Amino acid sequence: MLRYGLTGGIASGKSTVAAMLRELGFPVIEADQVAHQVMEPGQPAYNEVVAIFGDAILDSDNASIAAVLQRSSSMTTKSWRS
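This is a predicted model, so every value here is computed, not measured.

**What about the overall build of the protein?**
When you go through the protein residue by residue, the secondary structure sums to four helices and zero strands. The linear arrangement of helices and strands in the protein, starting from the amino end, is α-α-α-α. Residue burial in the protein is summarised as follows: out of 82 residues, 13% are buried. Carbon together with sulfur atoms contributes 57% to the accessible area of the protein, which is approximately 6,800 Å² in total.

**Considering the pattern of salt bridges**
The final tally for this structure, using the stated rule, is one salt bridge. For Arg-22, the salt bridge identified is with Glu-30, shortest N-O distance 2.7 Å. Taking the relative accessible area as the measure of exposure, Arg-22 reaches 39% and is therefore partly exposed. Exposure remark for Glu-30: the relative accessible area of 31% places this residue in the partly exposed category.

**Some details on the confidence of the model for the protein**
Chain-level pLDDT for the protein is 79 on average; 73% of the residues reach the 70-or-more range. For residues 73-82, every residue scores under 50 in pLDDT, and the model assigns this stretch seven contacts once sequence neighbours within four places are set aside.

**Examining a nonpolar patch on the surface**
The grouping of Leu-6, Val-17, Met-20, Leu-21, Leu-24 and Phe-26 at the surface amounts to a nonpolar patch, some 550 Å² of accessible area in total. Among the structural elements, Met-20 can be located in helix α1 (residues 14-23).

**Some remarks on unusual backbone geometry**
Across residues other than glycine, the phi torsion is negative in most instances, and most of the peptide bonds are trans. The backbone of Ala-11 shows a phi angle near 60 degrees, a positive value even though the residue is not glycine. Take Ala-11: it is sitting in the segment before α1.

Basis of the calculations
Residues numbered from 1 in each chain as written. Predicted model: local features only at pLDDT ≥ 70, side-chain atom pairs only at ≥ 80, totals over all residues. Heavy atoms only, no water. Helix = DSSP H or I, 4+ residues; strand = E, 2+ residues; numbered from the N terminus. Buried < 20%, exposed > 50% of the residue type's maximum accessible area, 1.4 Å probe, protein only. Areas by Shrake-Rupley, 256 points an atom, 1.4 Å probe, with all protein chains shown as cover. Salt bridge = Lys/Arg side-chain N within 4 Å of Asp/Glu carboxyl O. pLDDT = per-residue confidence, 0-100. Contact = heavy atoms within 4.5 Å. Patch = residues over 30% accessible without salt bridge, like charges linked within 9 Å, V, L, I, M, F, W, Y side chains within 5 Å.

Right, dumping it as C-alpha cells:
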C-alpha cells in the first residue's frame, strides 16, 4: 500500500485537496485531529506535556493545553530535554 503526505503552508489548499482525495475514495488521516486527540486530558501526551511545562499551560478549566500554548510564545523557550 502506498502512503502519501500532503503538506503546504497556511491557506495553500491542503484541506481542499484532502476533501477531493476523500471524495475519490482515498483514506485521509488528518494529523491535526490526531494531535488534538492525543492532547486530551488523560492521554499520555497530555500528561507528559503538563509534567514538563507545569499547570501554567492549562486553561482555566485545567483541560486545554493547545489554546494556552498558542497564546504564549514564552512556553516554547523552556527546554524539554532537562
